[in-house]
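In case you want the letters, here they are:
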Amino acid sequence: MSLPDAAPASSPSPRALRRPRLGGLTLLALLPALWLAPAAAQEKITLQLKHSHQFQFAGYYAALEQGYYREAGLDVAILEGEDGNEPERDVVSGKAEYGVGASSLLLARLAGKPVVVLGVVFQHSPYALAMRQTSAEPDIRRIIGKRAMIGSLTDELGNADELLAYLIKEGIPATSFQRVEPSYNTADLISGRVDAIAVYTTNEPDTFDRLGFPYDIYSPRAVGIDFYGDNLFTSEREIANHPARVRAFRAASMRGWQWAMSHQEEMADLILSKYSHRSDRAHLLYEARQMVPLVQPVLVEIGYQNPERWRHIADVYAGLGMVPRNANFDGFMYRQDGGGASLLWLYRVLGAAALLLVAGAAIHFSLLARERRRASAAIRTGEQRFRTMFEASPLGIALVDSITYEYRDINPRFQEIVGRSQAELGAMRWLEAGHPEDVAQIKVQMGRLLAHEVCSFKITNRLFRPDGELVWIEVSVTAIETEKGSHPHHLCMIEDVTDKKQSEALIWQQANFDPLTQLPNRRMFHDRLAHDMLKSQRDRSHIAILFIDLDHFKEVNDTLGHHQGDILLVDAARRISACVRKSDTVARLGGDEFTVILSELEGTERVEQIAQHIIDSLRQPFPLGQEQAFVSASIGITLYPDDALDIDDLLKHADQAMYAAKGAGRNRYSYFTPTLQVAALNRMRLTNDLRGALKGEQFALYFQPIVHLKSGRIHKAEALIRWNHPQRGVVSPMDFIPLAEASGLIVDIGEWVFRESARWVQRWRREHHPEFQVSVNQSPLEFAREDGAYDAWLAYLQALDLPGQSVVVEITEGLLLDANATVSNKLLQLRDAGIQVALDDFGTGYSSLSYLKKFDIDYLKIDRSFTRNLAPDSSDMALSDAIIVMAHKLGLRVIAEGVETPEQRDLLAAAGCDYGQGYLFARPMPAEQFDQLLRQQAA
């Protein structure tokens, strides 16, 4: 598609979320008018789009193809556009009656052009800025001094206004970078011709993902600039001359949008068959999915527009100096009469039903009153029997004057429950021992009882015994018939439910709070977040969710024990809670993971202050008995409703942001960005594809020669795996090896690499050199697993009649630090089998001499970072010399990696280095090509 200059825009206010959508009754009221529209009297009108046909205009295609325009008496022609301002020019000039425009329509109106917005389709703007991803943490300031395609340079309305306002708010004026006339071609960013381009989040990211291009997306919504997107509009002339046609066209268009958003696959097929082949079906469906959170067809009635949102957009324009402040745009928003009268019959039915219910209730209460009179007579005739039951009842019972609250009669169980004798109670008034917070509620119910609104009620409340003990009781109060002229009385029956309440409180506490820190647990966190989200919708406020993970906490548990780790967690919970308001929620989800809900936010500045306060607080030492522990925190931040609209997505995004913070070096916070979501989705897809790669024979083994520097002969090689993905092409091991380790697939992949290497080394030892060796890399996860992996290797080597010396295992230094028994045993097993061990990337890690003495290592591989800058008197040369001398004194041989020039080779050979490996000799190549290289050497 051709990217338009104008930016769609903005998010619905909570008022918009509450706006009722058209229901069945409203549609029924509209049907007669539609049926009466004469088929032969169709009026020809034109709808001018912003640019070429695509899913962005699906609602209008649906209204046309489903016959909604025809039913409204309209013959609609839908025209493609050349640029974002073509609809506004054509509607103002009368060339078209209707158009699709961006929020810059407000600029046209304030410039005196008679445009009127009929309805908003995109409640949020898909307009954003894309740049090549260069680091783990996105930084919009990278655009300074660079070339960027942001809007047409000759556009009179400045359709780049949304992004320019965003950059200005980030402290980046338009003069700080070079604007280039846009080509609307993503290849310009991918090739590096420009450094940033304006994109639609519904379109270009799909192209980037398909090409595997790493990118960052920067949205103006990140700083609170929230524009509307596509808007259906017309002219004042059209509204004045054809009011009925305007209403009919708007209603049919919005009806088409409702159909299109709920029939996405049918719409994609329709666009391909009748409108455009520029995009394939997968892209159209991608665009449709991305439009759902922007259009919000479930939450907001399509077409709804909020004056306060337009005021927000006007304020942004005013901040850019494009319009005066507090500009008047009366008449810009289309007004149509409501249809409340069509519901009058429903109100009448409900009123009649209410009257019937009241009459039924009155009859019911009348019958109850008659029954009470009969019961009173029965009580009077059986007073002695009642007295016996009264005295022996397991319930506490008291007869109370409903006016003076004096006790008239009290049974023994009542006295026992309240902890007072009959004489003590006789000197008191009912409710004097009650909890002040509960007494008010009982008095409200008593008022209803005396007003004859109810004849009884039940309530649970608290009272104090003379020793101060708090008791929970269930109270049942029933009005008692008395003689005419005397005070009304009521019977109060109580039951001690303290044990039950305490059990319920304990169960509730255990179900909702973490027993260690006493913070809300995952269940309570979800409940509070759901409550805060509803309140946010009502108040139009924001919520921030902070996902906190303690860095290096595992080391505390491993070194000081779990008891000390628990003490640290309790202290961490206290510190985090001290950084937020009492109205905010701090929860522990499990392990060393905490979450914070910051509600009722006006902006993000306070979020960053709190996040940094938490980081600074947790960075302070934790006293643990005689020891001190140091940890830090990585925090992921996501915002509601900007980043997601449901709890699961919010937590997923916060978790992704937290891992981005960890990846950037820990001890910091990171906001969620769409790029993180794209990266997570790519990782998931790549992992899924990786599961079938072995079975699909998609892996290939490459070999890079290791050259003996004195003789120049090749008797060794390093085996390197490559993945030939059927769609993505060759995937770098840097991309898929971490996924293989995380998913556990690395074990099967490592087994395949070993067997393929062994098969080739058998051939090369037979045909080229009897002592030929192949080095295979081993992941720490492979090396440290506790099973008989090397038993299977040795059996396979024996089956091929190969000695252990034919294989070299390359490991990293990290494996040898604090090596456990499993690692030590594996090294001994390799030594006993004759398999040699090489220490890869030596010099860049811990470079500890102790493990060189402790373990049987055969080769040191000098890292390419030393080889790259070798010069006769350089520090890298001095370090390389030292490594070579030390290795030889310890009986180790040295391989230098990254040899790319003859000068590097000669310096290493002069220093006594044994072997070299690098592009000077050969790049990694397929096994067949490497076999040919060996044949050329022998010739």
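The rules behind these values
Residues numbered from 1 in each chain as written. Predicted model: local features only at pLDDT ≥ 70, side-chain atom pairs only at ≥ 80, totals over all residues. Heavy atoms only, no water. Pairing = 2+ DSSP bridges. Helix = DSSP H or I, 4+ residues; strand = E, 2+ residues; numbered from the N terminus. Axes fitted to C-alpha atoms, helices over the stretch in contact; angles between N-to-C directions. Contact = heavy atoms within 4.5 Å. Parallel < 35°, antiparallel > 145°, perpendicular 65-115°, else oblique. Nonpolar A, V, L, I, M, F, W, Y, C, P; charged D, E, K, R; others polar. Core = buried A, V, L, I, M, F, W, Y, C linked by side-chain atoms within 4.5 Å. Buried < 20%, exposed > 50% of the residue type's maximum accessible area, 1.4 Å probe, protein only. Phe/Tyr/Trp six-rings, centres within 6.5 Å; stacked < 30°, edge-to-face > 60°. pLDDT = per-residue confidence, 0-100.

Caption draft 1: Representation of the sheet that holds strand 18 (residues 593–601) within the structure. Taken together, 5 strands build an open sheet; the order of strands is 17-18-16-21-22 and the sheet is mixed. On the outer flanks of this sheet lie strand 17 (585–590) and strand 22 (668–671), each paired with one strand and no other. Strand-to-strand twist in this sheet, taken as the mean axis angle between neighbours without regard to direction, amounts to 20 degrees. Pairing of strand 16 (residues 542–551) with strand 18, which is carried by 7 bridges, proceeds in the antiparallel orientation. Bridge pairing in strand 18 places A544 opposite L598. Running at roughly 10 degrees to strand 18, helix 23 (residues 562–578) makes contact with strand 16, strand 17 and strand 18 of the sheet.

Caption draft 2: Main features of the sheet that holds strand 6 (residues 147–149). Pairing in this open sheet of 5 strands is mixed, and the strands run 7-6-8-5-9 from one edge to the other. If you trace the sheet from one side to the other, it starts and ends with strand 7 (178–179) and strand 9 (215–218), each paired once. Pairing geometry for strand 6 and strand 7, over 2 bridges, is parallel. By the bridge assignment for strand 7, R147 is matched with Q178. Across the sheet, helix 7 (residues 161–169) is in contact with strand 5 (127–132), strand 7, strand 8 (196–200) and strand 9; its angle to strand 5 comes to roughly 60 degrees.

Caption draft 3: Structural context of the packing of helix 21 (residues 522–539) against helix 25 (residues 647–663). Two elements in contact, helix 21 and helix 25, have axes separated by 11 Å at closest approach and are oriented at 110 degrees. The angle between helix 21 and helix 25 falls in the class roughly perpendicular. Along its contact with helix 21, which presents F525, H526, L529, A530 and M533, the element helix 25 presents I647, D648, L650 and L651. Taken together, the residues of the contact of helix 21 with helix 25 sort by class into 7 nonpolar, 1 polar and 1 charged.

Caption draft 4: The nonpolar core, seen in detail. L690 and F703 are the most contacted members of the largest nonpolar core, which totals 74 residues. Broken down by element, this core gets its largest block of residues, 8 residues, from helix 28 (residues 746–767). If we ignore the near neighbours within four places in the chain, the residues touching F703 are A717, E718, A719, S757, W760, W764, V774, R923, P924, M925, A927 and F930. By size, the runner-up hydrophobic cluster in this structure holds 45 residues, among which are Y68, V76, L272 and L294.

Caption draft 5: View of the pairing of strand 15 (residues 489–496). Strand direction decides the pairing type here: strand 11 (residues 396–401) and strand 15, joined by 6 bridges, are antiparallel. Residue pairing for strand 15: G396 is matched across the bridge by I494. With 8 bridges joining them, strand 14 (residues 470–480) and strand 15 adopt antiparallel strand pairing. Paired with V477 across the strands is C492, a residue of strand 15.

Caption draft 6: Molecular detail of unusual backbone geometry. A cis geometry characterises the amide bond from Y640 onward to P641, with omega recorded as 5 degrees. With respect to the element layout, P641 can be found in the loop between strand 21 (632–640) and helix 25. Unusually for a residue other than glycine, Y184 sits at a positive phi of about 60 degrees. Tracing the backbone shows Y184 in the loop between strand 7 and helix 8 (187–190). Although it is not a glycine, E600 sits at a positive phi angle of roughly 55 degrees. Overall, the relative accessible area of 43% leaves E600 in the partly exposed class.

Caption draft 7: Spatial organisation of the packing of aromatic side chains. On inspection of all chains with the given rule, the structure shows 28 aromatic pairs. Aromatic side chains F208 and Y215 sit 5.0 Å apart centroid to centroid with 45 degrees between the ring planes, which places their arrangement in the tilted category. Ring plane angle 85 degrees and centroid distance 4.9 Å describe the contact between F703 and W764, whose orientation is recorded as edge-to-face. Highlighted residues: F703 in strand 23 (residues 699–708) and W764 in helix 28, separated in sequence by 61 residues.

Caption draft 8: Representation of the confidence of the model for the chain in the model. When pLDDT is averaged across the chain, the result is 84; 86% of the residues are at 70 or more. Across residues 1–40 the pLDDT falls below 50, and counting only partners more than four positions away or on other chains, this stretch makes 125 contacts in the model. For the stretch residues 338–347, pLDDT sits under 50, and the model shows 4 contacts to residues farther than four places along the chain or on other chains.

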